[in-house]
Amino acid sequence: MDSIWTKYRWAFVIAGIGLVALFLSAYVVNEEEQVVVVQAGKPVRTVNTPGGDSGAGLKFRVPLVESLRRVDKRVLDLEMRDEEVLSNDQQRLLVNAYARFRIVDPVTMVERANNTDGVRRALEPILNSALRQELGRRTFQAMLTAERGTALANVRANLDREARQYGAEVIDVQIKRTDLPEGAPLQSAFRRMETDREREARTIRAQGTRDARIIRAEADAEAARIYAEAFGKDQDFYDFYRAMQSYEQSFARGEGRGESSFILSPDNEYLRQFRGRR
Amino acid sequence: MAGKNPWGSSGGGDDTDRGGEDSPSGEKGGGPRNPWLPGGGNDGSGEGKRRSASIEDIFKNRGPEGPRRRGGGPGGPNFRMPQRPGGKSWGPVIAVVVIGGFLLLSSVHLVEPREQGVVKTLGSYSRTLDPGLHFTLPYPIESVDKEDVQGVRAVNIPASNQRAKLILTGDQNLVDLSYTVRWNIKDLADFKFELADPIETVNEVAEAAMRASVAEKTLDETFTGQGRAEIQQRVRLRMQETLDAYGAGIDVRGVEIAKADPPGEVVDAFRDVSVAEQNADAARNEARGYAQQTLSRAEGEAEAFDKVYEQYRLAPEVTRQRLYYETMERVLAQTDKTIVEAEGVTPYLPLPEIQRRSRQGAPGGQ
């Protein structure tokens, strides 16, 4: 052992130093991150940036001189606080949006915002004001619906312009929520929904009554037509026939009818034969 | 040696030293120096030695001092390795076995049928593994991240612990909506490397898409099956479009609205509407009943008249007289009759009397 050590001492030392140097200079760049190599506080090159030619994998640097700044390469989110926006018809709406961005220029990002949280801090107020400005030009109804698409495209464009200063690219801005603010606006919305339904209920009931009346009247009319058709064949006979029915109905004894008493004169048509006269 | 040992006061440590000295000096030396062995001084020297030796063995094999005493030999504390041929240490062998096993384990990957795996070679994405048995380079060089890609994940919004969030409809009403989004991974590499937080992104995209879609509909449409189906469809398309724009590698399989209700604050008014609908239906039904009744009666009466009239036409005078007499019979048979014969006599009519009589005669009729 001793002899080998003495013989190859320098080789061992050089190999050892080489190994240490290798460990100090090699580094791994993951697929989901990008790296800025900084030399004495100054970015000298980047690895695995979007669109760059140097991808992820095993990389080398000059040990001790060059340091690394790792930056997320993935799509990051920028969450907005709930923001009360005033529409141009003076209605309040609570808006919550989010933006998705990606660091495309890590050198600029590192120089101007230090890290992704710095980018978020810088962009959040811009997102808020851009959104407020853009939606504030619209009516309440438009804020809710159709024009949302173009509004968001404008907000995205505005935000993207600002974000470029920080080496970021804004991919998308979406309104996550639009709510009525708690308190008076919400209560008045509920009140309106309630009265709306009350009106509806009233209309439905009235329609029901109307339909019922129409149905009855139609039936009555139809019945009248049937009667007229039948009885109109012989008015004289109908008069007689109906009179007979009516007498029976009026004078005959029956449930719930008053007693009838007749005082007949012998001249009565019915008693005609009674007297034996002809 | 006792001085060097920081745990010198322990029995095991002392025993060893004494063992060497005791043999020549006998029991006299052992008695005072070992107060932990009360029997040592009184019993015979042979027995004392035997006993101290047995305790020594126990400490040697099980005690905390055991392994140290062996002078850094290989093997565990209670385990003595058999001698390796050539008298060399086992250390390198074990190291090789452990490292080799680890390398082997980290280079063999079983990907389950529902899964896929992404392989990163020194941090850089190199390939995707389909189900089956795969070999990669061992750990520090290649790493594998497996994920269930077939399994459809369901997200409930709002989550069960969240308060219901009211959604504004296009006609500025509020609806209490809960829904489920089902998705799975379309492209594992995109899923892994494109979005910082894909699951959170799915939730946010779903919420944005749902609110945008509901805002295109009126309140009543959200309650009907047709409107709901349209909303579900639109949310799914919107989500897919947005997620594709992010390169999320996510496939939205379906969006199901579980519940669309009016907000709790106004639910009574909504119930009243359905009550009103029932009331209206009831009124219509009653009217229809009346109509049926009226028409049936009219038809019956007309039919009866027709029948009689038919007969009447065959013999008008006779039928007329017959009907007249029959009716008179029926009427007069059931009533009180008084016939005043004399001309010019004003009869006294005891009407109260008649009524009383009739009441007695027929208590049923009033």
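Caption draft 1: How the structure looks around the overall build of chain B. Looking only at helices and strands, chain B has 13 helices and 10 strands in total. In chain B, which comprises 366 residues, the share counted as buried stands at 35%. Accessible surface computed for chain B: about 21500 Å², of which carbon and sulfur atoms make up 54%.

Caption draft 2: Expanded view of the interface of chain A and chain B. Counting residues at the interface gives 89 residues for chain A, matched by 92 residues for chain B. Carbon and sulfur atoms make up 60% of the area that chain A and chain B hide from each other, which totals about 8200 Å². For Arg211(B), the salt bridge is made with Asp179(A), and the minimal N-O distance between the two is 3.0 Å. The tally of links from chain A across to chain B stands at 23 residue pairs in polar contact (both at pLDDT 80 or more). Take the side of chain A that touches chain B: its biggest share by element is 25 residues, from helix 7 (residues 184-231) of chain A. Here the residues of the side of chain A that touches chain B are counted per class, giving 41 nonpolar, 15 polar and 33 charged.

Caption draft 3: Molecular detail of the pairing of strand 9 (residues 168-179) of chain A. Residue and element names in this part refer to chain A. Within strand 9, 11 of the 12 residues are buried, which leaves the element mostly enclosed by the surrounding structure. Pairing between strand 8 (residues 92-103) and strand 9: 10 bridges, direction antiparallel. Bridge pairing in strand 9 places tyrosine 98 opposite glutamine 174.

Caption draft 4: Spotlight on the sheet that holds strand 2 (residues 33-39) of chain A. Residue and element names in this part refer to chain A. Judged by pairing direction, the sheet is antiparallel, and its 3 strands sit side by side in the order 3-2-5 without closing on themselves. Strands at the two margins of the open sheet, each flanked by one partner only, are strand 3 (42-47) and strand 5 (66-72). The mean inter-strand angle of the sheet, taken between neighbouring strand axes irrespective of direction, is 30°. One ladder, built from 5 bridges, connects strand 2 with strand 3; its direction is antiparallel. In the strand pairing of strand 3, valine 37 is matched with arginine 45.

Caption draft 5: Up close: the packing of aromatic side chains. All told, the structure shown has 16 aromatic pairs over all chains when counted by the stated rule. Taking the centre distance of 4.1 Å and the plane angle of 20° together, the rings of Phe231(A) and Tyr238(A) count as stacked. Classification of Phe231(A) as buried rests on a relative accessible area of 11%. A centroid spacing of 5.1 Å and a plane angle of 70° characterise the contact between Tyr241(A) and Phe305(B), whose relative ring orientation is edge-to-face. Here Tyr241(A), found in helix 8 (residues 235-251), pairs with Phe305(B), found in helix 11 (residues 267-314), and the two come from separate chains. Grouping residues by exposure puts Tyr241(A) and Phe305(B) together as buried. Taking the ring centre of Tyr290(B) as reference, the NZ or CZ of Arg216(A) above it sits at 5.1 Å.

Conventions adopted
Residues numbered from 1 in each chain as written. Chains lettered and ligands numbered in written order. Predicted model: local features only at pLDDT ≥ 70, side-chain atom pairs only at ≥ 80, totals over all residues. Heavy atoms only, no water. Helix = DSSP H or I, 4+ residues; strand = E, 2+ residues; numbered from the N terminus. Buried < 20%, exposed > 50% of the residue type's maximum accessible area, 1.4 Å probe, protein only. Areas by Shrake-Rupley, 256 points an atom, 1.4 Å probe, with all protein chains shown as cover. Contact = heavy atoms within 4.5 Å. Buried area = accessible area lost by both parts, 1.4 Å probe. Salt bridge = Lys/Arg side-chain N within 4 Å of Asp/Glu carboxyl O. Polar contact = N/O pair within 3.5 Å; in protein donor to acceptor, adjacent residues only side chain to side chain. Nonpolar A, V, L, I, M, F, W, Y, C, P; charged D, E, K, R; others polar. Pairing = 2+ DSSP bridges. Axes fitted to C-alpha atoms, helices over the stretch in contact; angles between N-to-C directions. Phe/Tyr/Trp six-rings, centres within 6.5 Å; stacked < 30°, edge-to-face > 60°. Lys NZ or Arg CZ within 6 Å of the ring centre and 35° of its normal.

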